[in-house]
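# Structural overview for review
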Amino acid sequence: MISLSWLATRSSVRASTYPDCAGEGKRLDLLRAPRHRPPMTGKTNHFMAAALDEARLAASRGEVPVGAVIVDAEGRIIARAGNRVITDRDPTAHAELLAIRAAAAALGSERLANCDLYVTLEPCAMCAQAIAFARLRRLYYGAEDPKGGGVAHGARVFSQPTCHHRPEVYGGIGEQAAAAILKDFFAVRR
Ligand code: ZN
């Protein structure tokens, strides 16, 4: 979930901000900074594509276009959601939180230990904390969110000593597509 101020910065960002990174992604070592290549597979792109579909659906509802899916240990999508803040009149109805709730309900467990979350935008601090609470194994996200993100920016939730579960984090998965959806969404609103 991002704010309009995010776009004010973001929309003026040059395409060169994202050189040859389509679908490449990188693992973020949040404590030490070096970046690694993620365990990329066709499935990784498949799951992010599903999250991007949810982002587009969110846009069609007039929501900030962010989408998320949660995949279980067998590689099945067990939950998918897009932002529903306006639709549900709920400031916490971010795609990640909705997907976490749906996955926990589907599994009948408050812990999603062997599950991975794919989301089109860097999670905010609220969602990052929820990801830690859910004990998700891995987080894959698309575009970075310098203004509202809480993983690689801002609160850097997983890097804090008060964070008791740190998922593996991979940023930049399909980020060009995710950023394009956000940019298009806000372009028609100015
Ligand atoms: Zn959020």
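Residues numbered from 1 in each chain as written. Predicted model: local features only at pLDDT ≥ 70, side-chain atom pairs only at ≥ 80, totals over all residues.

### Comments concerning the overall build of the protein chain
To keep it simple, the criterion reads: Comment: elements are numbered from the N terminus, with helices defined as DSSP H or I runs of at least four residues and strands as E runs of at least two. The burial label depends on the number of other C-beta atoms within 10 Å of a residue's C-beta. Counts of 20 or more mean buried, 12 or fewer mean exposed, and intermediate counts mean partly exposed, with C-beta atoms placed from the backbone. For the purpose of contact definition, each residue receives a C-beta atom placed from its backbone, and two residues are in contact when these atoms lie within 7 Å.
Secondary structure assignment for the protein chain yields five helices and seven strands. Shown N-terminal to C-terminal, the secondary structure of the protein chain runs as helices and strands in the order α-β-β-α-β-β-α-β-α-β-β-α. Evaluated residue by residue, the protein chain yields a buried proportion of 43% over its 190 residues. Taking the intrachain contacts of the protein chain between residues at least 6 apart in sequence as the baseline, contacts between residues at least 24 apart amount to 64%.

### Here we look at the confidence of the model for the protein chain
Defined as follows: By definition, pLDDT measures how confident the predictor is in each residue, and it falls between 0 and 100.
Overall, the prediction assigns the protein chain a mean pLDDT of 85, with 80% of residues at 70 or greater. Long-range and interchain partners of residues 1-22, a stretch whose pLDDT sits below 50, account for 33 contacts in this model, where long-range means more than four residues apart. Note on residues 32-36: pLDDT is under 50 here. Beyond four places in sequence and across chains, it has seven contacts.

### Observations regarding unusual backbone geometry
The backbone of Arg89 shows a phi angle near 50 degrees, a positive value even though the residue is not glycine. Inspection of the secondary structure assignment puts Arg89 in the loop between strand 4 (77-82) and helix 3 (95-107). What makes Arg89 exposed here is the crowd of 8 C-beta atoms within 10 Å. Even without being glycine, Arg135 reaches a positive phi, approximately 60 degrees. Structurally, Arg135 is set in the loop between helix 4 (125-133) and strand 6 (138-143).

### Examining the pairing of strand 3 (residues 67-71)
Here is the rule we go by: By this definition, two strands are paired if DSSP reports at least two bridges between them.
Of all five residues in strand 3, five are buried; the element is thus mostly enclosed. Covered by surrounding structure in strand 3 are Gly67, Val69 and Val71 together with Ala68 and Ile70, the residues of both alternating faces. Hairpin remark: strand 3 followed by strand 4, antiparallel, with five residues in the connecting loop; positive phi at Gly75, about 80 degrees. Here strand 3 runs beside strand 5 (residues 116-121); their pairing, made up of four bridges, is antiparallel. By the bridge assignment, Ile70 is partnered in strand 5 with Leu117.

### Examining helix 3
Heads up, the rule is: Multiplying 1.5 Å by the helix residue count minus one yields the expected span of that helix.
With 13 residues, helix 3 extends 18 Å from end C-alpha to end C-alpha; this agrees with the ideal 18 Å at 1.5 Å per step. Among the residues of helix 3, Ala95, Glu96, Leu97, Leu98, Ala99, Ile100 and Ala103 are the ones counted as buried. Of the surrounding elements, those touching the buried residues of helix 3 are helix 2 (42-60), strand 3, strand 4, strand 5 and helix 4. Within two residues after helix 3, Gly108 carries a phi angle of roughly 65 degrees, on the positive side.

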